[in-house]
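What follows is each chain in one-letter form.
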Amino acid sequence: MALLEAARAEGAALVVAVNSDASVRRLGKGAERPVVPQGERARLVAALQSVDAVVLFDDDTPLALIRRLRPDVLVKGADYARDAIVGGDDVEGWGGRVVRVPLVPGYSTTELLSRFRGGLSR
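Quick caveat, the model's predicted, so the values are computed rather than measured.

S.K.: Just to check I follow, could you spell out the overall build of the protein chain for this structure?
M.R.: Assigned secondary structure in the protein chain consists of 6 helices and 4 strands. Across the 122 residues that make up the protein chain, the buried fraction comes to 26%. Once local pairs closer than 6 in sequence are excluded, the contacts in the protein chain between residues at least 24 apart make up 57%. Roughly 7,900 Å² of accessible area belongs to the protein chain as shown, and the carbon and sulfur atoms make up 53% of that amount.

S.K.: Is there a simple way to explain the pattern of salt bridges in this structure?
M.R.: Pairs can form between side chains of opposite charge once their charged atoms are near each other. Within this structure, the stated rule accounts for 8 salt bridges. For D21, the salt bridge is made with R41, and the minimal N-O distance between the two is 2.5 Å. On the criterion of sequence distance, the pair formed by D21 in helix α2 (residues 21-26) and R41 in helix α3 (residues 38-46) is long-range, its members being 20 residues apart. Like R41, D21 is buried. Across the pair R43 and E40 runs a salt bridge whose closest N-O atoms are separated by 3.7 Å.

S.K.: Would you mind going over the environment of P62 with me for this structure?
M.R.: Within the element layout of this structure, P62 appears in the loop between β2 (53-57) and α4 (63-69). Classification of P62 by relative accessible area gives partly exposed; the value is 21%. The sequence separation of P62 and A17 amounts to 45 residues, and the corresponding C-alpha distance is 7.2 Å. Sequence-distant contacts of P62, that is, excluding residues within four places in its chain, are made with F57 and V86.

About the thresholds
- Residues numbered from 1 in each chain as written.
- Predicted model: local features only at pLDDT ≥ 70, side-chain atom pairs only at ≥ 80, totals over all residues.
- Heavy atoms only, no water.
- Helix = DSSP H or I, 4+ residues; strand = E, 2+ residues; numbered from the N terminus.
- Buried < 20%, exposed > 50% of the residue type's maximum accessible area, 1.4 Å probe, protein only.
- Contact = heavy atoms within 4.5 Å.
- Areas by Shrake-Rupley, 256 points an atom, 1.4 Å probe, with all protein chains shown as cover.
- Salt bridge = Lys/Arg side-chain N within 4 Å of Asp/Glu carboxyl O.

What follows is the structure, given as structure tokens:
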């Protein structure tokens, strides 16, 4: 939520790209992933006040989508190094900016799944 709110503050509209189920599986996130099917993930994200639109993508990266949308701002979590942000060079090349937003500790999907499996509560 914090990441999306920060992203929304960077521009006039927030379009969120969500990996399809097939994309998540190809990325090797683990046998139990995705935890929530793509349609429900997209629906949940779209319901957030800070989100203007959600787009599912089936590629391994959102590069083709970024090139089609040509955003003025590309936002990623600060856990990504600038040189690892897919589409960052493209966005800066057409005059846009890349923004890295600090993450809230303890709330990654991987961390949450680990806590659930271990029976830990927050």
